[in-house]
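These are the residues of each chain, in order.
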Amino acid sequence: MTEIRTPRLLLRRWTDDDLVPLSEINADPDVMRWTGDGSALDLEQTADAIERWEEEWDDEGFGLFAVELLASGELIGAVGLSAADDLPETRHQVQISWRLGRPFWGQGYASEAAQAALEFALQDRGLDRVVAVNRVGNEESANVIRKLGMESDGEATDPETGARLTLHSIDLTEYEA
């Protein structure tokens, strides 16, 4: 089982016990407003998402981690890697992303977990490059992207929603610099 420990967090594979807490996070409109069409997800949609993430782990050797607080064992969200095939500009690349419950915003957890996931991608999985896609206006995620040292790769438009997106990337040589 793949696990990563940071000073405050445990990044791990998903279990059945994660469904309800993640569905509560996904049901929050403020959490979901920057994801897809901005719609909250119900329990069934959350179960489908976890199943897709676990399948990606099995097929690709990476995926989104369940993120829990080491101190309490509480699930706080999802952070990790996925195939970035939704956009022509990122097709056949690996994307890093994060989604944390609102009570855990502004405490550095997203940056801490994303840094661990980025290191996992570039060092442990041997990926040469990782991309990030961010909706224009999502300054909180833009801050995480900056902290990861990712460089701007321009803009794109979400083909499903029409939302303006910014594209970012980092490769192994930039990460090691």
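Look up a bit, the structure's there.
What counts and what doesn't
- Residues numbered from 1 in each chain as written.
- Predicted model: local features only at pLDDT ≥ 70, side-chain atom pairs only at ≥ 80, totals over all residues.
- Heavy atoms only, no water.
- Pairing = 2+ DSSP bridges.
- Helix = DSSP H or I, 4+ residues; strand = E, 2+ residues; numbered from the N terminus.
- Buried < 20%, exposed > 50% of the residue type's maximum accessible area, 1.4 Å probe, protein only.
- Expected span 1.5 Å × (residues − 1).

Undergrad: Residue-level account of the pairing of strand S7 (residues 151-157), with values.
TA: Summarising the sheet, S7 and strand S8 (residues 164-171) pair through six bridges and their orientation is antiparallel. Within the sheet, the bridge partner assigned to Gly 154 lies in S8 and is Leu 167. With antiparallel pairing between neighbouring strands as the criterion, S7 and S8 make up a hairpin whose turn holds six residues, including Gly 162 at a positive phi of roughly 80 degrees.

Undergrad: Break down unusual backbone geometry for me, citing the residues and quoting the values.
TA: The phi dihedral of His 92 falls on the positive side, at around 70 degrees, and the residue is not glycine. Within the secondary structure, His 92 is located in the loop between strand S4 (75-83) and strand S5 (94-100). For His 92, a relative accessible area of 74% corresponds to the exposed category.

Undergrad: Tell me about helix H4 (residues 109-124), and please be specific about residues and values.
TA: The end-to-end C-alpha distance of H4 is 21 Å, a good match for the 22 Å that 16 residues give at a rise of 1.5 Å each. When you tally the buried positions in H4, you get twelve out of 16 residues, the bulk of the element. Within H4, the full set of buried residues consists of Tyr 109, Ala 110, Ser 111, Glu 112, Ala 113, Ala 114, Ala 116, Ala 117, Leu 118, Phe 120, Ala 121 and Leu 122. Just past H4, the residue Gly 126 takes up positive phi, approximately 70 degrees.

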